[in-house]
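Chain by chain, the residues:
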Amino acid sequence: MCSRILTILAAMHFSGCVTVNKYDSQATRESSKAKQTQEVSLESSVAQAGQAQDVGNDEETKISLTAFEEQGEGTAATSNPQEVQTELPPLEMPAEVTPLPIEIQEPATEDTTVSLDSVIGSVYQSFPLLESAFAGRIIAQGDQISAAGAYDFKFKAASENNVLGFYQNYRQSLGFAQPLYNGGEFFAGYRVGNGEFQPWYLERQTNEGGEFKAGVNIPLAKDRRIDQRRAELWRANYSRQMAEPEIHALLIAFIQEASYAYWEWVAAGEKLLIAEQVLVLAQERTDRIKQQVENGFIDPPELTDNLRLVSEREAKLAEVFQKYQKAAIKLSLYLRDYEGNPIILGKNELQRFPSPDERFHAIVDLDIQMAISNRPELVVMDFLRKQLQLDYSAAQNETRPSIDTQWIASQDIGMPTSPKNDKGEFELEASVFMDVPLQRRKARGKMFALEGKMTQLQAKRRMTEDKIAVEVQTVHTALQAALKRYDSTQQAVEYAEDLAQRERRNFELGSSDLLKVTLREQYAVEASEKVIDSLLDFYKAEADYRATLAQDQLP
């Protein structure tokens, strides 16, 4: 678009036109032809302009741009908030997780044509903040493993000896304990006690072979359906699952930022080409005006005015090139090689805007439903609701009476240590322990607070759904408005080209002056820059559309 305007202006100066190679943006983004076209475009403009002076060819240049369409679909089901759950989740032990994302797209390298897909692939592959986010999986897995440690098998051993005094005795014991997932604990062990014992401590004495013992504690009311250990394990399990949508939300934001940086870099490159080509026009005109001044056809002030214009355009080119460098440096945060090193693109890697897809007709209501299904914010809220329901169940557990039963079986072996052999028989002990909180204000207070939190979360989820619907409608409006602006500015470019061409011909015939020609050139440049701005707005809105519908999924 920009080269079309400015090359026609140069051709009018020589009563002819310049033929420029057609640029197919989408095809050249997949091949190295774009680099060659950009390198020779400026030289061909000058050389062919001189040739056009001899042959007087008035053919106009047109640049065809291919349509660009970038859409994706993803589904991730979410559910609406429900009442406090009655069924608690089953035990889910920690699973192996992949700490870093797998490679799904080829990241950009210095030898390949840079496209939006290559930038997004680089984000997946090498973006440091995304790698940091994926490390959250390991953190959540570690927390879950730590919570599962409450059910670790425990080994116990002791050696207690009274070596001095009236009562000298020696006691050795060892055993194990295994907490049970459904509540309670199973334990077993062996002990031996020999020597002289105080009459009030005769239970410490065993037969000569020692004593084997096994038992189990079983809760009957409190801690039967849920206890502190299970609650902590389930919280850690929900936190591990919640890490996935949180990483997904960060991924969407990173790709949106990378898309912005890419299109801003493309726009800066387009404007850099404009600045270079209008400078070439002024420089070529200087040589021609100098010859006419020497021959006495034009007054010397015309040459001075054109030299001033050259200086201004050189200063403008330096300013535009600085903006291009800034855009390339910003893009390098997202565009990296396989080792994660930023790639700062040079002038030879300039890319052109593809033509916007004017056939873009999406159904707003369908997009709203898709966004609500895919957005990770709602998934995070669903896991937060499950955590609150878990805390509510734990608070309900605190209101129940603690009624535990204990069964212990023991058997001494070996020679008896007393004439009555009172320790030689098999023993079975059955016990019941009860602890009833009467007021239970602590547990009830927790339940009231959790009910309020769940009400808040439900209201926030409704508001989040409404905001998502507004975002979808807003991005649709932005896309349509950008397309209309593009069509209007395209028409303005055609008008500016026509006026510039007429003014340039009048100047050749001597019926116009340099000031009018310069103004017409400036109007054409401004119209071309407005086209670039409209394209930038369109592709930024397209990046917003991609982020709003959460089309990018985790690997």
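Residues numbered from 1 in each chain as written. Predicted model: local features only at pLDDT ≥ 70, side-chain atom pairs only at ≥ 80, totals over all residues. Heavy atoms only, no water.

**Focus on the pairing of strand 7 (residues 402-413)**
Put simply, the rule reads: Note on pairing: DSSP must find at least two bridges between two strands before they are called paired. In this description a helix means any DSSP run of H or I spanning at least four residues, a strand means any run of E spanning at least two, and both kinds are numbered starting from the N terminus.
Relative to strand 7, strand 5 (residues 210-219) runs antiparallel, the two being bridged by 10 bridges. Looking at the pairing, Phe-212 lines up with Gln-411 of strand 7. For strand 7 and strand 8 (residues 427-435), the ladder comprises nine bridges, and the chain directions are antiparallel. Note on strand 8: the bridge partner recorded for Trp-407 is Ala-430.

**Looking at the layout of surface pockets**
Quick reminder of the rule: Definitions used for this entry: grid spacing 1 Å over protein atoms alone; cavity, a set of points where a 1.4 Å probe fits but cannot get out; pocket, an open set with protein on both sides within 12 Å along at least 5 of 7 lines; lining residue, one with an atom within 4 Å of a point. Grid points are joined across faces, edges and corners, and a volume is the space filled by probe spheres set on the points. Under the convention adopted here, Pro, Cys and the residues Ala, Val, Leu, Ile, Met, Phe, Trp and Tyr are nonpolar, Asp, Glu, Lys and Arg are charged, and Gly plus all remaining residues are polar.
Of the voids in this model, the largest pocket is the one considered here, and its volume is about 470 Å³. Contributing to the lining of the largest pocket are 23 residues, with Ser-173, Leu-174, Gly-189, Tyr-190 and Arg-191 lying nearest its centre. Breaking the lining of the largest pocket down by element, the ones donating at least two residues are strand 2 (154-162), strand 3 (169-179), strand 4 (185-195) and strand 5. A breakdown of the residues in the lining of the largest pocket according to their chemical character gives nine nonpolar, five polar and nine charged. Roughly 290 Å³ of internal volume is contained in the second largest pocket.

**Details of the side chain of Ser-259**
Basically, it comes down to this: When accessible area is computed with a 1.4 Å probe and restricted to protein chains, residues below 20% of their type maximum are described as buried, those above 50% as exposed, and intermediate ones as partly exposed. The contact definition used throughout considers only heavy atoms, calling two residues in contact when any of these lie within 4.5 Å.
Within the secondary structure, Ser-259 sits in helix 6 (residues 228-294). Taking relative accessible area as the criterion, Ser-259 reaches 2% and is therefore assigned buried. Not counting chain neighbours up to four residues away, the residues in contact with Ser-259 comprise Leu-116 and Ala-543.

**Describing the sheet that holds strand 4**
Our working rule: Here an axis means a line fitted to C-alpha atoms, over the contact stretch when the element is a helix, while the angle between two N-to-C directions is reported on a 0 to 180 degree scale.
What the six strands build is an open sheet, ordered 2-3-4-5-7-8; its pairing is antiparallel. Each having just a single partner strand, strand 2 and strand 8 make up the two edges of the open sheet. The sheet shows a mean angle of 15° between the axes of neighbouring strands, direction not considered. For strand 4 and strand 5, the ladder comprises seven bridges, and the chain directions are antiparallel. Across the sheet, residue Glu-185 finds its bridge partner in strand 5, namely Asn-217.

**Overview of the pattern of salt bridges**
Threshold: Criterion for a salt bridge: a side-chain nitrogen of Lys or Arg within 4 Å of a carboxyl oxygen of Asp or Glu.
For the structure shown, the criterion picks out 22 salt bridges. Between Arg-171 and Glu-160 there is a salt bridge, and its shortest N-O distance comes to 3.5 Å. On the criterion of sequence distance, the pair formed by Arg-171 in strand 3 and Glu-160 in strand 2 is long-range, its members being 11 residues apart. Overall, the relative accessible area of 18% leaves Arg-171 in the buried class. In this structure, the salt-bridge partner of Lys-222 is Glu-398, at a minimum N-O distance of 3.3 Å. Placement of the pair is Lys-222 in the loop between strand 5 and helix 6 and Glu-398 in helix 9 (residues 376-398), with a sequence separation of 176 residues. Residue Glu-398 is classed as partly exposed on the basis of its relative accessible area, which comes to 33%. One network of salt bridges, with partners in common, ties together Glu-232, Arg-235 and Asp-391.

**With respect to the packing of helix 7 (residues 300-331) against helix 11 (residues 514-548)**
Relative placement of two packed helices is described by the angle separating their axes and the distance separating the axes. For the record, the criterion: By definition in this entry, angles of less than 35 degrees are roughly parallel, angles greater than 145 are roughly antiparallel, angles of 65 to 115 are roughly perpendicular, and the rest are oblique.
The N-to-C vectors of helix 7 and helix 11 enclose an angle of 20°; their axes lie 10 Å apart at closest approach. On the basis of the axis angle, helix 7 is roughly parallel to helix 11. Facing helix 7, whose interface residues are Glu-302, Asp-305, Asn-306, Leu-309 and Arg-313, helix 11 presents Leu-514, Thr-518 and Glu-521. For the contact of helix 7 with helix 11, a count of residues per class yields two nonpolar, two polar and four charged.

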